[in-house]
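For reference, the chains in residue letters:
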Amino acid sequence: MAHGDITHLEIPVSDLAAGTRFYGSVFGWRIEEAPGFEGYPMWQAPNGISGGALTSREDGFAQPRSVVEVDSIDDTLAVVESHGGRVVAAKAPISETSSWALVADPDGNVLGLYEESPEDRDASAP
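Read on for a plain summary of the structure. Just so it is clear, the structure is predicted and the values come from calculations on it, not from any experiment.

Concerning the pairing of strand 4 (residues 51–56)
Summarising burial for strand 4: 5 of the 6 residues are buried, a large majority. Two elements, strand 1 (residues 6–13) and strand 4, share 5 bridges in a ladder whose sense is parallel. Bridge pairing in strand 4 places P12 opposite T55. As paired elements, strand 3 (residues 42–44) and strand 4 share 3 bridges and run antiparallel to each other. Bridge pairing in strand 4 places M42 opposite A53. Counting the residues that bridge the hairpin from strand 3 to strand 4 gives 6 residues, and of these G48 lies at a positive phi of roughly 75 degrees.

In structure tokens, the structure reads:
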């Protein structure tokens, strides 16, 4: 993925098992929890390219949220704020080689940011 690509879509559900059954049945998505990511079932669309995750619905997260890959979360947070947006959740690690954050645009739309280490990004490039 490159800077600005949408990496995945998070869908908040009130019941992960029911959400897994629903989306798997309706769209044919393969939905599984990866080791280390229990409670965050990842889905893969039949095209093998698009995907995302089901996540627990909570206050302030009741609608699907796109997650965008960026080269640097720190740099992107500064640009977001300089253009009237705000940081909703500060940069936090996902793993040893990846991080995430949440931002809101000036209208209040919340997007996730995803950063993968340059080494991992280069290794996964075609």
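With respect to the sheet that holds strand 4
Ordered in space as 2-3-4-1-5-8-7-6, the 8 strands form an open sheet in which the pairing is mixed. The outermost strands of the open sheet, each flanked by one partner alone, are strand 2 (30–32) and strand 6 (86–95). Averaged over neighbouring strand pairs, the angle between their axes works out to 25 degrees when direction is ignored. In this sheet, strand 7 (residues 98–104) lies alongside strand 6 in antiparallel orientation, the contact comprising 6 bridges. Looking across to strand 7, one finds that A92 is bridged to W100. Strand contacts of helix 2 (residues 73–82): strand 6, strand 7 and strand 8 (110–116), with the helix running at about 5 degrees to strand 7, the strand carrying the most contacts.

About the cut-offs
- Residues numbered from 1 in each chain as written.
- Predicted model: local features only at pLDDT ≥ 70, side-chain atom pairs only at ≥ 80, totals over all residues.
- Heavy atoms only, no water.
- Buried < 20%, exposed > 50% of the residue type's maximum accessible area, 1.4 Å probe, protein only.
- Helix = DSSP H or I, 4+ residues; strand = E, 2+ residues; numbered from the N terminus.
- Pairing = 2+ DSSP bridges.
- Axes fitted to C-alpha atoms, helices over the stretch in contact; angles between N-to-C directions.
- Contact = heavy atoms within 4.5 Å.

So yeah, pure geometry; function would need other evidence.
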